[in-house]
Amino acid sequence: MASVVTRIKRKQIVQLLEKGKRLDGRELTDYRELKIDQGIIERAEGSARVRLGKTEIVVGTKVEMGEPFSDTPNEGVLTVNAELVPLASPKFEAGPPDENSIELARVVDRGIRESKVIDTEKLCIEKGKKVFVVFVDVYVLNHDGNLIDASALAAVAALLNTKMSNYEVEDGEVKLKSGYTQLPIKQHPITVTCAKIGEKLVVDPGLEEEQVMDARLSMAIDDDGDICAIQKGGTGYFTPEQVIEVSKLAKDKAKEMRKKLDW
Amino acid sequence: MPTFYEPKQIVTPGDLLAEGDYLAGENTYVENKVIYSSRLGLVEYDNKKVNVVALKGFYIPRIGDLVIGTVTEVGFNGWTIDINAPYKAFLRPSDVLSRPFKPQKDELSEVLNVGDLVVAKIISYDRSHDPQLTVAEPGLGKVTRGQILKITPTKIPRVIGKKGSMITMIKEETGCQIILGLNGVVLITGKTLEDEQAALVAIRKIEEESHTSGLTDRITQMLKKNKPAEEENKNE
Amino acid sequence: MNEKPEKLIDKKGLRLDGRKPDELRPVKLEVGVIPNADGSAYIEQGKNRILAGVYGPREVHPKHLALQDRAVLKCRYHMAPFSVQERKSPAPSRREIEISKVIRESLEPSVFTEYYPRTMIDVFIEVLQADGGTRCASITAASLALADAGIPLKDLVVACAAGKADDTIVLDLMDEEDKLGKADVPVALMPSLNGITLLQMDGKLTHEEFETAVNMAIEGCKKIYLMQKEALKAKYMGIKEEAEE
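If you're wondering where the values come from, they're calculated on a predicted model, not measured in any experiment.

## As for the domain arrangement of chain B
Link 1 in the chain: Split by domain assignment, chain B resolves into domain 1 (10–54), domain 2 (66–143) and domain 3 (147–230).
Link 2 in the chain: Placing a centre on the C-alpha atoms of domain 1 of chain B and another on those of domain 2 of chain B gives a separation of 37 Å.

Here it is, written out as structure tokens:
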């Protein structure tokens, strides 16, 4: 359910955009201030906290041993879940995951999976019998817009921070050894979201911008600069030209961010 | 100043109808100074106005419309009526009884009960409020006999015909009384069941073939043809 | 079905089902197939068999979900347990929930919801048999169902996917290409307004490949759009011919 935004606010945002400015003074293609902390949850095998403006996401990873899927017997399992916890926003309610948290989880999952962040074959312990299962849990703590980019960054940061137990296989049984190994990370995808307001495109929409936008387009870019996931959201539409414009913006901003983060 | 379709051609939503100095009529909309169709229907030009006569639609209440509805609930302060629209209609006792009314549920259900059919008029309706009805006018009120049929409301004008030609003809040929609710509900009251059936079949056929030409003649012929057959059946 | 094909495109440049890279699968559309629904449509595309039904505008239940200034559009995409190779549980999966959302967001831009405040329009999609590209075929059918219900629309919405199989950009992926290919780009379009209302992608594509895929999908959409219009008019054209003989 959309909260009612006053017409005056929408007008204000649109008028500022005409002049090339946003409510918080940013340029149309600027990200908000970004802070990433890793290893903040000791009990988790990996964790990260991302603050993008006032949007705050914590991702914790848990690595367990389990069975592989029948059609990929020599690959480990990666699974992503997201929770829009009630304290993060007056609009979030307690209960089973709704379509928004499911979409968020699946979009973050796609970015990680399609870019092959983890070489899942390296997670195999015993083909067809035992593999590592990596649980990535996205926890939204404060919603001030653009949960997708922030969650995607937090997920990759958490995976970079994740370690799995050392083990040895003795007499067909898996035994844990002391010590850990870092998860083998091959790629560092970065997702860039643009919102369309009127005929303008803005990068990293804030909450109020999301409330008045026509639609949003998120693109995950891998280390090679290629696109590995896209998701359009919202009840408006993009022209084909705008889609191409967003893809160019996404490529540039991902490159910028990658340099800044040294990923 | 171009238009892109001949009159009575079938158009679909999103079809570009006219550019330039035209007015957007029924079931059309304007985007970037171009008129598009918003429904499946037949194009019609009325001077500079471009209309689409919808082949299928549903009823949206209008103040003053005559409608036929079914009572679905008897509440403490009135009746809820299903008028075949996305909005439920309400009938207050003051718009039914000609005398002041004491709020006792029993009394209300004696006047109109769940399942009763009423012919009513819409007295108020806007975007924030459900429609309100009245039956406190001559010709309105509870219906006790006859046959009911529902047709798509956009076809009611076709059933009426130019200057009432079609409906008058049906009434004459079948000897039935026909009340056409603008909400697509039609009440047929005749002397015999066969007469009512004949009228019903005729109206159904109009609904199905409303977009064709020569319809009035075909319906007239059909009704005239069936009449002697009825006499034969009676004699058997 | 259990053998994975080595190549998706053969030496002659033809796909597993003999199609050229830019060829659509055969499409069949029928409108008004469910008498009880206010509007309905059926699509066959390749081996996809999908039904869409629309109820509304009607009263909102529960009442507190009603919007004061427009209609609420709801959409449910659901796959029958027998629609896929391995029986699928009838309970809604996370994939179905996400697809329901993106389909709703692909149709809503076309609906004049502001004409019917405080009402609800329900779109129900049932996939009876799946063969790759179900969300696109579903959108194509659902839009027809909305038009069949007499709901005013800015345009029909039509959808088609393009992708990458082996090293070729191909149109309208079938099941094997969807599963084994390198990228899948579903696109939904309102052709008269040149508006893309659904766009997703998974896989890996360079920017040039992506642009090629999107343009190819748009061309596919435009071809199916003509079929949609014919399907809508078909019932009435038939009656017209018969009656005026």
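## Re the confidence of the model for chain B
Caution is warranted with low-pLDDT regions, since their predicted coordinates should not be read in detail.
Link 1 in the chain: Residues with a pLDDT of 70 or more make up 92% of chain B, whose mean pLDDT is 88.
Link 2 in the chain: By mean pLDDT, the top-scoring element of chain B is strand E5 (residues 34–37) of chain B (96), and the lowest-scoring one is helix H5 (residues 215–235) of chain B (73).

## Remarks on the interface of chain C and chain B
Link 1 in the chain: On the chain B side, the residues contacting the 29 residues of chain C number 27 residues.
Link 2 in the chain: Counting residues per element, the ones that place at least two in the side of chain C that touches chain B are strand E3 (48–59), helix H2 (134–148) and helix H4 (207–243) of chain C.
Link 3 in the chain: Counting residues per element, the side of chain C that touches chain B draws most heavily on H4 of chain C, which supplies 7 residues.
Link 4 in the chain: Within the side of chain C that touches chain B, the residues separate by chemical class into 15 nonpolar, 5 polar and 9 charged.

## Describing helix H1 (residues 94–107) of chain C
Link 1 in the chain: Between its first and last C-alpha atoms H1 of chain C spans 20 Å; for 14 residues at 1.5 Å apiece the expected length is 20 Å, and the two agree.
Link 2 in the chain: Within H1 of chain C the residues assigned to the buried category are Glu98, Ile99, Ser100, Val102, Ile103, Arg104, Glu105, Ser106 and Leu107 of chain C.

## Quick notes on the nonpolar core
Link 1 in the chain: Counting residues in each nonpolar core, the largest one holds 155 residues, and the members touching the most others are Val138, Ala154 and Ala155 of chain A together with Val187 and Ala217 of chain C.
Link 2 in the chain: Among the nonpolar cores identified, the runner-up in size contains 37 residues, and Phe58, Val67, Val159 and Ala198 of chain B belong to it.

## Topic: the environment of Pro35 of chain C
Residues and elements named next belong to chain C.
Link 1 in the chain: Here Pro35 lies in the loop between strand E1 (27–31) and strand E2 (39–45).
Link 2 in the chain: Judged by C-beta crowding, with 6 C-beta atoms within 10 Å, Pro35 ranks as exposed.
Link 3 in the chain: For the pair Pro35 and Ala183, spaced 148 residues apart in the sequence, the C-alpha separation amounts to 39 Å.

## A short note on the packing of helix H2 (residues 99–114) of chain A against H1 of chain C
Link 1 in the chain: Taken N-terminus to C-terminus, the directions of H2 of chain A and H1 of chain C make an angle of 105°; their axes are 9 Å apart at the nearest point. Relative to H1 of chain C, the element H2 of chain A lies roughly perpendicular. Counting all contacts with H2 of chain A, which are made through Glu99, Ile102, Glu103 and Arg106 of chain A, the residues of H1 of chain C involved are Arg94, Ile97, Glu98, Ser100 and Lys101 of chain C.
Link 2 in the chain: Residue composition of the contact of H2 of chain A with H1 of chain C, grouped by class: 2 nonpolar, 1 polar and 6 charged.

## Comments concerning the packing of H1 of chain C against H2 of chain C
Residues and elements named next belong to chain C.
Link 1 in the chain: In the contact formed by H1 and H2, the axes pass within 10 Å of each other and the chain directions differ by 45°. Between H1 and H2, the angle falls in the class oblique. Every pair of crossing elements has a handedness; the one defined by H1 and H2 is right-handed. Here H1 contributes Ile99, Val102, Ile103, Ser106 and Leu107 to the contact with H2, which in turn contributes Arg135, Ser138, Ile139, Ala142, Ser143 and Leu146.
Link 2 in the chain: Here the residues of the contact of H1 with H2 are counted per class, giving 7 nonpolar, 3 polar and 1 charged.

## Examining the sheet that holds strand E8 (residues 183–190) of chain C
Link 1 in the chain: One open sheet holds the 8 strands; their spatial order is E10(A)-E9(A)-E11(A)-E12(A)-E9(C)-E8(C)-E6(C)-E7(C), and the pairing between them is antiparallel. The sheet terminates laterally at strand E10 (200–203) of chain A together with strand E7 (168–171) of chain C, the two strands that pair on one side only. With strand direction ignored, the average angle separating the axes of adjacent strands in the sheet is 20°.
Link 2 in the chain: As paired strands, strand E9 (residues 190–197) of chain A and strand E11 (residues 215–221) of chain A are joined by 7 bridges and run antiparallel to one another. Bridge pairing in E11 of chain A places Ile190 of chain A opposite Ile221 of chain A.
Link 3 in the chain: In this fold helix H3 (residues 147–160) of chain A packs onto E9 and E11 of chain A, with an angle of close to 175° to the strand it touches most, E9 of chain A.

Cut-offs used in this document
- Residues numbered from 1 in each chain as written.
- Chains lettered and ligands numbered in written order.
- Predicted model: local features only at pLDDT ≥ 70, side-chain atom pairs only at ≥ 80, totals over all residues.
- Domains from an automatic or database assignment.
- pLDDT = per-residue confidence, 0-100.
- Helix = DSSP H or I, 4+ residues; strand = E, 2+ residues; numbered from the N terminus.
- Contact = placed C-beta atoms within 7 Å.
- Nonpolar A, V, L, I, M, F, W, Y, C, P; charged D, E, K, R; others polar.
- Expected span 1.5 Å × (residues − 1).
- Buried ≥ 20, exposed ≤ 12 C-beta atoms within 10 Å, placed from the backbone.
- Core = buried A, V, L, I, M, F, W, Y, C linked by C-beta atoms within 7 Å.
- Axes fitted to C-alpha atoms, helices over the stretch in contact; angles between N-to-C directions.
- Parallel < 35°, antiparallel > 145°, perpendicular 65-115°, else oblique.
- Left-handed = near helix turned anticlockwise from the far one by under 90°.
- Pairing = 2+ DSSP bridges.

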